[in-house]
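Reading the structure
One-letter residues, chain by chain:
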Amino acid sequence: MSLATHISSNFKTLQTAAGVEIRYTRGERSVLVRAVPGETNFVRSDGEGYMESSISRDFMFPAADLVIGGTPVLPERGDVITETVGGVETTRPVTPAAGDRVFRYCDPYHQVLRVHTRETA
C-alpha cells in the first residue's frame, strides 16, 4: 500500500470521527462536503512595527470532494462555506489570512485541502 493510499484512508477515518457537514458554495452552485474543522493562527507585521494576529476557521476535506456543477475545482476567494453548529447556521467567506493563499494542501500528494475562512459580522 502506498503512502498516498494510507493518507487517504487515515483521513477518511478522521472525517468519519470528527467531520461536520458543510455547504461549499460558488456563485449559485453548491456541494455538501464532510469536513474536519480546525483553525490557523496567522501573524504578520503591519509595516509600522506592530504585529497583527488573526485566527482562521479552517475546513479540511479531500480535494476530490470539491466538485461543483460536475467539475472538480479548487477553492477561490469569494467562495463561501456554511456550517451549522448547535442549530445556528454560520456563513464564512473563503479568505486568505495574512497574505496567504485561501487554501493549502495538507499532504505532499495534494489529496487533502485545508481551506481558510473568516467570520464576518
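Residues numbered from 1 in each chain as written. Predicted model: local features only at pLDDT ≥ 70, side-chain atom pairs only at ≥ 80, totals over all residues. Heavy atoms only, no water.

Helix and strand counts for the chain come out as one helix and nine strands. Order of helices (α) and strands (β) in the chain, N terminus to C terminus: α-β-β-β-β-β-β-β-β-β. Here the C-alpha radius of gyration of the chain, 15 Å, is about what a compact globule of 121 residues would show, namely 14 Å. With the C-alpha coordinates of the chain rotated into their principal frame, the extents come out at 50 × 35 × 30 Å. Looking at the chain as a whole, 37% of its 121 residues are labelled buried. (Helix = DSSP H or I, 4+ residues; strand = E, 2+ residues; numbered from the N terminus. Rg over C-alpha atoms; globule rule 2.2 N^0.38 Å. Buried < 20%, exposed > 50% of the residue type's maximum accessible area, 1.4 Å probe, protein only.)

Another point: the pairing of strand E1 (residues 20-26). Here E1 pairs with strand E2 (residues 29-45) via seven bridges, running antiparallel. Looking at the pairing, Arg26 lines up with Arg29 of E2. Counting the residues in the hairpin turn of E1 and E2 gives two residues, including Gly27, whose phi is positive at 65 degrees. Bridge count between E1 and strand E6 (residues 80-85): four bridges; the pairing is antiparallel. Paired with Tyr24 across the two strands is Ile81, which belongs to E6. (Pairing = 2+ DSSP bridges.)

Relative to strand E3 (residues 51-62), E2 runs antiparallel, the two sharing 10 bridges. Across the sheet, residue Glu39 finds its bridge partner in E3, namely Arg57. The sheet contact formed by E3 and strand E9 (residues 112-117) spans six bridges and is antiparallel. Paired with Phe61 across the two strands is Leu113, which belongs to E9.

The next point concerns the side chain of Asp58. Inspection of the secondary structure puts Asp58 in strand E3. At 2.6 Å, the side chain of Asp58 and the side chain of Ser56 are in polar contact. Polar contacts involving the side chain of Asp58 include one to the side chain of His116, which spans 2.9 Å. Look past the residues within four positions of Asp58 in its chain and what remains in contact with it is Val36, Pro37, Gly38, Glu39, Thr40, Arg114, Val115, His116 and Thr117. (Polar contact = N/O pair within 3.5 Å; in protein donor to acceptor, adjacent residues only side chain to side chain. Contact = heavy atoms within 4.5 Å.)

Moving on, we get to the sheet that holds E9. Ordered by their spatial adjacency, seven strands build an open sheet running E7-E6-E1-E2-E3-E9-E8, and the pairing between neighbours is antiparallel. Two strands bound the open sheet, and with one partner strand each, they are strand E7 (88-93) and strand E8 (103-105). Direction aside, neighbouring strands of the sheet carry axes that sit 40 degrees apart on average. One ladder, built from six bridges, connects E6 with E7; its direction is antiparallel. (Axes fitted to C-alpha atoms, helices over the stretch in contact; angles between N-to-C directions.)

With respect to the element layout, Asp79 can be found in the loop between strand E5 (71-72) and E6. A polar contact of 2.6 Å, which involves the side chain of Asp79, links it to the side chain of Tyr24.

Under the definition given, this model contains six salt bridges. The partner of Arg26 in a salt bridge is Glu76, and the shortest N-O contact between them spans 3.9 Å. On the criterion of sequence distance, the pair formed by Arg26 in strand E1 and Glu76 in the loop between E5 and E6 is long-range, its members being 50 residues apart. Glu76 gets classed as partly exposed once you look at its relative accessible area, which sits at 43%. A salt bridge links Glu83 to Arg92, with the nearest nitrogen and oxygen atoms 3.0 Å apart. Take Glu83 and Arg92: they sit in the same class, and that class is buried. One salt-bridge network, held together by shared partners, links Arg26, Glu76 and Asp79. (Salt bridge = Lys/Arg side-chain N within 4 Å of Asp/Glu carboxyl O.)

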